[in-house]
Amino acid sequence: MTATQTAAHTIDSEGVSPPPPPAAAPFVGRAMPRVEDAALLTGVARYADDLPVKPGTLHAAILRSPHAHADLLDIDFAAALAVPGVAAVVTGADAKRLASAFLVGIRAPMEHWCLAIDRVRHVGEPVAVVLADSRYVAEDALDRIEVRYRALPPVTSIAQALGEGSAEEGSEPLHPAVGSNLVNSRSFRYGDPEAAFARAARTVSVEVEYPRNSCTPMECFVVLADYDAAEDAYEVLSNFSGPFAVHPVMARALNVPGSRLRLKTPPHSGGSFGNKQAVFPYVVLMGLCARVAGRPVKWVEDRLEHLMAATSATARRMRIEAAVEPDGRVLALRMEQTEDCGAYLRAPEPASLYRNHGNLTGAYDIPNLAVTNRIVVTNKTPTGLNRGFGGGQLYYGLERLMNRVAAELGLDPLDVIRRNLVAADAMPYRTASGGTLDSGDYRATLEQAVREGALDALKARREALRAEGRLYGIGYAAVVEPSISNMGYITTVLTAGERRKAGPKNGAQATASVAVDPTGGVSVTVASAPQGQGHRTVLAQVVADIFGLRFEDIRVNTDLDTGKDAWSIASGNYSSRFAGAVAGAAQVAATRLRDRMATLVAGQLNCRAEDVRFAGGKVFSDANPDNGLSFSRVAAAGHWAPGTLPDGQEAALRETAFWTPEPLKAPTDADHINSSACYGFIFDFCGVEIDRTTGAVRIDRYVTMHDAGRLLNPLLVEGQILGGFAHAVGTALYEEYAYGDDGRFLSGTFADYLVPTACEVPVPVILHRESPSPVTPLGAKGVGEGNCMSTPVCLANAVADALSADGVNEVPSLPITPAKLAALIHPPEPPRPASAAGSGKTPPPASVKGGRGLTGEGSREVPATPEQVWAILLDPRELAALLPGCEALDLVGPNAYRAEVVVGIGPVRGRYTAQVALSDLDPPSALTLTGSGTSALGSGSGTGHVMLERTATGTRVTYRYSASVGGKVAAVGGRMLDSASRLLIGQFFEKLVARAGGAEVPANSPSLLTRLLRLLGFNR
């Protein structure tokens, strides 16, 4: 501690404080390390799973649907209840008896419950919950639940949901009462787009599809729930991040008023990126479980569950057309946006479609706009908030269009961007759809990026590499980043008449409380659960400046307890609202409290309240700095001597501020909406090279320029930009939610859902320009989501530029993988000669429709005659011994068997009841084996053809197989399944060789293969 800091908290022997030190530089604006990091890096952070549980707490495991679409006929859980340690099994019948369906954000007769009631609509939908003394017991008991389904045709694409294509691709309604999978459609018209298109020199259009993807927080969902029967009230601790607009949704689903649902958050959260908003259905589910069981319940989501069923960014198909002048100036836009929200419109959807409604024209001065928004449901995981939600989808279409305008008019893409940007003297600029771009000089920001980011050198590099025959391209993107969402934007999905009937919704209320204790310590509480942004650091900077205290004198508490803390339905950590709204609310609360303290002490200092200053731990008169008191002494008066306060004055102990931006109004009758309080500006450019042989994309240089208003802590701002950039690289090049034609989820592990690591993410050049917002108390705007909006399309435009050098005029859909690019770079290979497919003696088995497809072929030498091998394959006892994991095999007909098989694939293990049949018997030369099985994990089916050929040393067994698996097994991913199938087939032949050769493998001497299988978890 320095002498100055010591003096700020001491009083001399005469009872008079020393004079105040010179004012120190403000903390706001400094690049200060996060105070949160010490706990995180030393492992003492307290996440939800680290917190103690109440005595008697049960552990939950969820049985999930293996089908994308099916009627739920019957659930038999008697065997699960009989497992020792199981306390209860909760099903949809309990939900229907004790809970209600969730509110839906549109006016349509669809219901979404916390558990499936009569139909399942996506793989992974919760069907039942086992509650047991441990998670292990609960998971084992899941295998004992028998569910009967009747499969329904799945809807797996936007086109199918709309009934486009052939009659065979018809759309089975997910929600029969709605009657269609197009659940909402609204059209908007701003300006005079028809006239603009009529007078335009030409039109340019693009059609793009933005796929499903997600962010992957290190910590998955956690819920600890308890039910108080005496009070008919629920208490839940969860890593829910908000928005707390869904608190009434949860309370209503639990059939209690909001005051009887107390929701608490843990001190730390291992990331969210919007995803943890989607934990709220499980808050309701575990609350229901606690009520049914009469005991507290804890549930921790695993990674497979998270990828398969937690949440996803919306898929969007966007058709966008521009009316353009010869110089590239855009006069009008026509947009058709169709949003795939998955099986249910889960609150706050359709937020992803409408969050950017006020900035549909991006950073461009385009006065005329026609928009049609459509929402469809498909048999996929429900969507929700995802970093930059809705922004990446919008700008992917808009910036691909601007790039196409340049290409078709023979212009430089950068010039097209320049000519269309909103001018600085137009600020604040009202967009066609009603947004108010609050501040900034977009053109000057672009030119600064071009200059400081060395674009000319990058262009020279492109020309040099192209001269060598290499595929190199440069891409651009210019976007506005909305922050602090207006609660009213979501009501734009309603007509003006429907909005008048429902009542107005608007604003973005943020909440903060600041208090002083008797020793002069200051504490700050906010209704925003951090997930790595550095809340405690920034709030301490803001409040320390206001009170003239040291940074370490401010204690920030970010735990939230709706039973005790101040909050509103807009509370939460989402839509980049922390710096502008939450920190701004703390600034407002701290300023009010400081001003009240100034009023209390003004009489003692013989000055006016407005002349009281706070600096260096002292409170003094601006006109007479020597006349001062220590901050702690002023703070103590309200606690220790309230009787000495001036008449009519309240003790200055605590101040709570509820702040909402003034410009955020409800939508107008003409559907104009300022959907966010403020808008940052981002201009990116990059250079990428595509490997001609492999199609791999290498990001050579990436420059990202941000105008995020006033930077409260530049170090933390850079961290947010780097994080958003890493997520965007994943979106652009790696990450994809993959589904089969039958809706089965196929990328449930990081083996198939590829997430970039530090090795794949280059460090971008980060540049800044500050245009403080006139809307927020601190002048700050959002910055954490921007690159998720700008980077995917910037990289796609660079890929387009690189491919254009070879005359390729298309860009693959995201993610832009090497396989997709290689197919464009290289002409198709000639078909394989018929002779290469094999001898022709063994026809390939028929493929199995749907699910995760597996195919393979091979041969093994067996030291026995074909007759001996044939006898083994047709002997039920021998066949049971050969099948990996087979616990029972009963003959149920001629060459037909019923088998009980336990199979483990990576993180998934389950008991299957299988039907196995041998057919096409040609003894002792060939046979066909078919089988199908079901379990709580899903279903599987397959066909294999086996051929026996006599050799000098025995028999060559040649096989070909085709199989399909669904549910959790399919979700573990193709790479793991392919490896597992090869290992299991190897195990089968190892046993066959041992049986046929008369050398049984001793049970106590496992082979190398068996030991490897056990090590990898591929057998019991």
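Asks: What should I look at first to understand the packing of aromatic side chains in this one?
Replies: Two aromatic rings are characterised by how far apart their centres lie and by the angle between their planes. Across all of its chains, the model carries 21 aromatic pairs by this definition. Note on Phe27 and Phe551: the rings are 6.0 Å apart at their centroids and 50 degrees apart in plane angle, and the pair reads as tilted. Of the two residues, Phe27 is situated in the loop between α1 (3-7) and α2 (37-42) and Phe551 in the loop between α17 (535-547) and β21 (554-557); the sequence distance between them amounts to 524 residues. Here Phe27 and Phe551 have matching classes, each one buried. Centre to centre, the rings of Phe683 and Phe685 are 6.1 Å apart; their planes meet at 45 degrees, and the pair counts as tilted. The two residues Phe683 and Phe685 agree in class, both being buried. By the ring-pair criterion, three or more aromatic residues cluster together here, those being Tyr737, Tyr739, Phe745 and Tyr753. Positioned over the ring face of Phe197 is Arg334, at 3.6 Å from the centre of the ring. Sitting above the plane of the Phe389 ring, Arg355 keeps its charged end 4.4 Å from the centroid.

Asks: Quick question: what am I supposed to make of the side chain of Arg317 here?
Replies: Relative to the elements of secondary structure, Arg317 occurs in strand β13 (residues 315-324). Exposure remark for Arg317: the relative accessible area of 3% places this residue in the buried category. Reaching out from Arg317, the side chain makes a polar contact with the side chain of Glu164 at a distance of 3.0 Å. If we skip the residues at most four places from it in the chain, Arg317 touches Ile158, Ala159, Leu162, Glu164, Glu207, Val208, Glu209, Glu336, Gln337, Thr338 and Arg374.

Asks: Teacher, can you tell me more about the sheet that holds β21 here?
Replies: Sheet strands associate in pairs through backbone hydrogen bonding, adopting either a parallel or an antiparallel arrangement. Across the sheet, 4 strands lie side by side as β21-β20-β19-β25; this open sheet has mixed pairing. Every interior strand has two partners, whereas the edge strands, β21 and β25 (654-659), have only one. Each strand of the sheet is rotated relative to its neighbour by a mean of 20 degrees, with strand direction disregarded. Direction of pairing for strand β20 (residues 522-526) relative to β21: parallel, over a ladder of 4 bridges. Across the sheet, residue Thr525 finds its bridge partner in β21, namely Asn557. Contacts between α17 and the sheet are confined to β19 (510-516), β20 and β21, with β21 contributing the most and set at about 140 degrees to the helix.

Asks: Teacher, can you tell me more about the sheet that holds strand β6 (residues 146-151) here?
Replies: On the basis of which strands lie adjacent, the open sheet formed by 3 strands has the order β4-β2-β6 and antiparallel pairing. The sheet terminates laterally at β4 (119-120) and β6, the two strands that pair on one side only. Where strand β2 (residues 70-76) meets β6, 6 bridges bridge the pair, whose relative direction is antiparallel. Each residue of the ladder has a partner; that of Asp74, found in β6, is Arg148.

Asks: Could you clarify how one ought to interpret the packing of helix α12 (residues 391-409) against helix α13 (residues 413-420) in this entry?
Replies: Any two packed helices are characterised by the angle at which their axes cross and by the distance between the axes. As a packed pair, α12 and α13 sit with axes 8 Å apart at the nearest point and diverge in direction by 115 degrees. The handedness of the crossing between α12 and α13 is right-handed. Contact residues: α12 offers Glu399, Met402, Asn403, Val405 and Ala406, while α13 offers Pro413, Val416, Ile417 and Asn420. Broken down by class, the residue content of the contact of α12 with α13 amounts to 6 nonpolar, 2 polar and 1 charged.

Asks: For this particular structure, what's the right way to read helix α21 (residues 786-804)?
Replies: Side chains three or four residues apart in an α-helix point the same way, a direct result of the helix having 3.6 residues per turn. Taking 1.5 Å of rise per residue, the 19 residues of α21 would be expected to cover 27 Å, and the 28 Å separating its terminal C-alpha atoms lies within 8% of that figure. Judged by how many residues are buried, α21 sits mostly within the fold: 18 of 19 residues are covered.

Asks: Got a minute to help me understand unusual backbone geometry in this structure?
Replies: A negative phi holds for most residues other than glycine; trans holds for most peptide bonds. In this structure, Pro815 follows Leu814 across a cis peptide bond, with omega equal to -10 degrees. Here the bond from Pro923 into Pro924 is cis, since omega is -10 degrees, no more than 30 degrees from zero. Relative to the elements of secondary structure, Pro924 occurs in the loop between β32 (908-922) and β33 (926-935). Non-glycine residue Asp232 carries a positive phi angle of around 50 degrees. With a phi close to 55 degrees, Asn606 is a non-glycine residue in the positive phi region. Considering the arrangement of structural elements, one finds Asn606 in the loop between α18 (578-605) and β22 (612-615). Using a relative accessible area of 70% as the deciding quantity, one classes Asn606 as exposed.

Asks: Even after reading the chapter, I still don't get the nonpolar core, so can you show me in this structure?
Replies: Core analysis: the largest hydrophobic core is formed by 113 residues, its most contacted members being Leu333, Met335, Leu421, Tyr442, Phe683 and Ile690. For this core, the element with the highest residue contribution is α21, accounting for 10 residues. Excluding its chain neighbours within four sequence positions, the residues that come into contact with Leu333 are Phe197, Glu321, Ala322, Thr361, Ile366, Asn368, Leu369, Ala370, Leu398 and Leu401.

Asks: What is the right way to read the pairing of strand β10 (residues 233-238) from this model?
Replies: It is a general feature of regular strands that their side chains alternate between the two faces of the sheet. Counting buried residues along β10, 5 of its 6 residues qualify, which places the element largely inside the surrounding structure. Relative to β10, strand β9 (residues 222-228) runs antiparallel, the two sharing 6 bridges. Across the sheet, residue Asp228 finds its bridge partner in β10, namely Ala233. Between β9 and the antiparallel strand that follows it, β10, lie 4 residues; Asp232 among them carries a positive phi value of about 50 degrees. Here β10 pairs with strand β11 (residues 261-264) via 4 bridges, running parallel. In the strand pairing of β11, Tyr234 is matched with Leu261. For the handedness criterion, the β-α-β arrangement of β10, helix α8 (residues 247-253) and β11 is classed as right-handed.

Asks: Would you mind going over the environment of Ile320 with me for this structure?
Replies: With respect to the helices, strands and loops of the structure, Ile320 is situated in strand β13. In this structure the C-alpha to C-alpha distance between Ile320 and Arg334, which are 14 residues apart in sequence, comes to 5.6 Å. Discounting residues that sit within four places of it in the chain, Ile320 has contacts with Val204, Ser205, Val206, Arg334, Met335, Gly397, Leu398 and Leu401.

Asks: What exactly am I supposed to notice about the packing of helix α20 (residues 714-733) against α21 here?
Replies: Packing of α20 against α21 leaves a shortest axis separation of 8 Å and a crossing angle of 45 degrees. Overall, the two elements α20 and α21 adopt an arrangement that is oblique. For the pair α20 and α21, the sense of crossing is right-handed. Contact with α20, carried on its side by Ile721, Gly724, Phe725, His727, Ala728, Thr731 and Ala732, involves Asn787, Cys788, Thr791, Pro792 and Leu795 of α21 and no other residues of that element. When its residues are assigned to classes, the contact of α20 with α21 shows 7 nonpolar, 5 polar and no charged.

Asks: Help me understand the environment of Ile546, please; the structure alone is not making it clear to me.
Replies: Checked against the element boundaries, Ile546 lands in helix α17. Owing to a relative accessible area of 9%, Ile546 belongs among the buried residues under this scheme. With residues near it in sequence (within four places) discarded, Ile546 still touches Gln587, Ala590, Thr591, Arg594 and Phe614.

Asks: Would you mind going over the pairing of strand β1 (residues 58-64) with me for this structure?
Replies: The buried fraction of β1 amounts to 6 of the 7 residues, a majority that puts the element mostly inside the structure. Pairing between β1 and strand β12 (residues 297-300): 2 bridges, direction parallel. Within β12, the residue paired with His59 across the bridge is Lys298. Both β1 and strand β5 (residues 126-132) contribute to a ladder of 6 bridges, which runs antiparallel. Within the sheet, the bridge partner assigned to His59 lies in β5 and is Ala132.

Definitions and cut-offs
- Residues numbered from 1 in each chain as written.
- Predicted model: local features only at pLDDT ≥ 70, side-chain atom pairs only at ≥ 80, totals over all residues.
- Heavy atoms only, no water.
- Phe/Tyr/Trp six-rings, centres within 6.5 Å; stacked < 30°, edge-to-face > 60°.
- Helix = DSSP H or I, 4+ residues; strand = E, 2+ residues; numbered from the N terminus.
- Buried < 20%, exposed > 50% of the residue type's maximum accessible area, 1.4 Å probe, protein only.
- Lys NZ or Arg CZ within 6 Å of the ring centre and 35° of its normal.
- Polar contact = N/O pair within 3.5 Å; in protein donor to acceptor, adjacent residues only side chain to side chain.
- Contact = heavy atoms within 4.5 Å.
- Pairing = 2+ DSSP bridges.
- Axes fitted to C-alpha atoms, helices over the stretch in contact; angles between N-to-C directions.
- Left-handed = near helix turned anticlockwise from the far one by under 90°.
- Nonpolar A, V, L, I, M, F, W, Y, C, P; charged D, E, K, R; others polar.
- Expected span 1.5 Å × (residues − 1).
- Core = buried A, V, L, I, M, F, W, Y, C linked by side-chain atoms within 4.5 Å.
- Right-handed = clockwise from strand over helix to strand, strands pointing away.
- Parallel < 35°, antiparallel > 145°, perpendicular 65-115°, else oblique.

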